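Residues per chain are reported as follows:
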Amino acid sequence: VAAAATAAAERRRKSTISLRICAPEEGELEVYRLKMTDNLGRVFSQYTASRDAGPAQFLFDGEVVAWEATPLELDLEDEDQIDFNVEHAPRREAVQGRDAGASREPW
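About the cut-offs
Residues numbered from 1 in each chain as written. Predicted model: local features only at pLDDT ≥ 70, side-chain atom pairs only at ≥ 80, totals over all residues. Heavy atoms only, no water. Phe/Tyr/Trp six-rings, centres within 6.5 Å; stacked < 30°, edge-to-face > 60°. Helix = DSSP H or I, 4+ residues; strand = E, 2+ residues; numbered from the N terminus. Buried < 20%, exposed > 50% of the residue type's maximum accessible area, 1.4 Å probe, protein only. Lys NZ or Arg CZ within 6 Å of the ring centre and 35° of its normal. Core = buried A, V, L, I, M, F, W, Y, C linked by side-chain atoms within 4.5 Å. Contact = heavy atoms within 4.5 Å. Polar contact = N/O pair within 3.5 Å; in protein donor to acceptor, adjacent residues only side chain to side chain. Salt bridge = Lys/Arg side-chain N within 4 Å of Asp/Glu carboxyl O.

### Some remarks on the packing of aromatic side chains
Given two aromatic rings, their pairing is described by the distance between the two centres and the angle made by the two planes.
1) Next: Counted under the stated rule, the structure contains seven aromatic pairs.
2) Next: Relative to Phe-58, the ring of Phe-44 has its centre 3.8 Å away and its plane inclined at 5 degrees; by these criteria the two rings are stacked. Remark: Phe-58 occurs in strand 3 (residues 56-60) and Phe-44 occurs in helix 2 (residues 40-51); sequence separation between them is 14 residues.
3) Next: Of the residues examined, Phe-44 reaches a relative accessible area of 0% and is grouped as buried.
4) Next: Judged by relative accessible area, which is 0%, Phe-58 ranks as buried.
5) Next: Relative to Phe-84, the ring of Tyr-47 has its centre 5.0 Å away and its plane inclined at 65 degrees; by these criteria the two rings are edge-to-face. Taken together, the residues span a long stretch of sequence, with Tyr-47 in helix 2 and Phe-84 in strand 5 (residues 81-86) at a distance of 37 residues.
6) Next: In this structure an aromatic cluster arises from ring pairing among Tyr-32, Phe-44, Tyr-47, Phe-58, Trp-67 and Phe-84.
7) Next: We note Arg-51 situated over the ring of Tyr-47; from NZ or CZ to the ring centre the distance is 3.8 Å.

Okay, here's the thing in structure tokens:
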């Protein structure tokens, strides 16, 4: 029984999956094939380069996915979807002077 479980785990590790990446705001979906042990950063780089996007997050089940993660580590399955979200950095303001009434200018 243990040998069968080990063999099944090894087959899963060597298998390939189709991973769907979706930009919900744009309604676009792209599919990538990769091995369970491939670094997701490679796919994320291709996806962001095709959109000329700035800083972005990739989310799986609402959680941010690390670029160095693998499908095996995240227990992804064939046809799972990762959502693409362009990070919207908050507008920063610089305060000039020490007074509470000092003028503020956009950063």
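### Overview of the nonpolar core
Among soluble globular proteins, nonpolar side chains are generally buried collectively.
1) Next: One finds Ile-21 and Leu-40 to be the most contacted residues of the largest nonpolar core, which totals 19 residues.
2) Next: Going through the elements one at a time, strand 1 (16-23), strand 2 (28-35), helix 2, strand 3 and strand 5 are the ones with two or more residues in this core.
3) Next: The contact partners of Leu-40, leaving out residues within four places of it in the chain, are Leu-19, Leu-34, Val-65, Trp-67, Ala-69, Thr-70, Pro-71, Leu-74 and Leu-76.

### Observations concerning the side chain of Asp-80
1) Next: Looking at where Asp-80 falls in the secondary structure, it is placed in the loop between helix 3 (71-74) and strand 5.
2) Next: Polar side-chain contacts of Asp-80 include one of 2.7 Å to the backbone nitrogen of Glu-77.
3) Next: Once residues lying within four places of it in the same chain are set aside, the contact partners of Asp-80 are Ser-18, Leu-19, Arg-20, Phe-60 and Asp-75.

### Details of the pattern of salt bridges
1) Next: Throughout the structure, instances matching the rule amount to four salt bridges.
2) Next: Between Glu-28 and Arg-51 there is a salt bridge; the shortest N-O distance is 2.8 Å. With Glu-28 in strand 2 and Arg-51 in helix 2, this residue pair connects regions lying 23 residues apart in the sequence.
3) Next: Its salt-bridge partner being Arg-42, residue Asp-38 comes within 3.1 Å of it at the nearest N-O pair.
4) Next: The partly exposed category is assigned to Arg-42, whose relative accessible area is 41%.
5) Next: What you see here is one network of salt bridges that share partners, running through Glu-28, Glu-30 and Arg-51.

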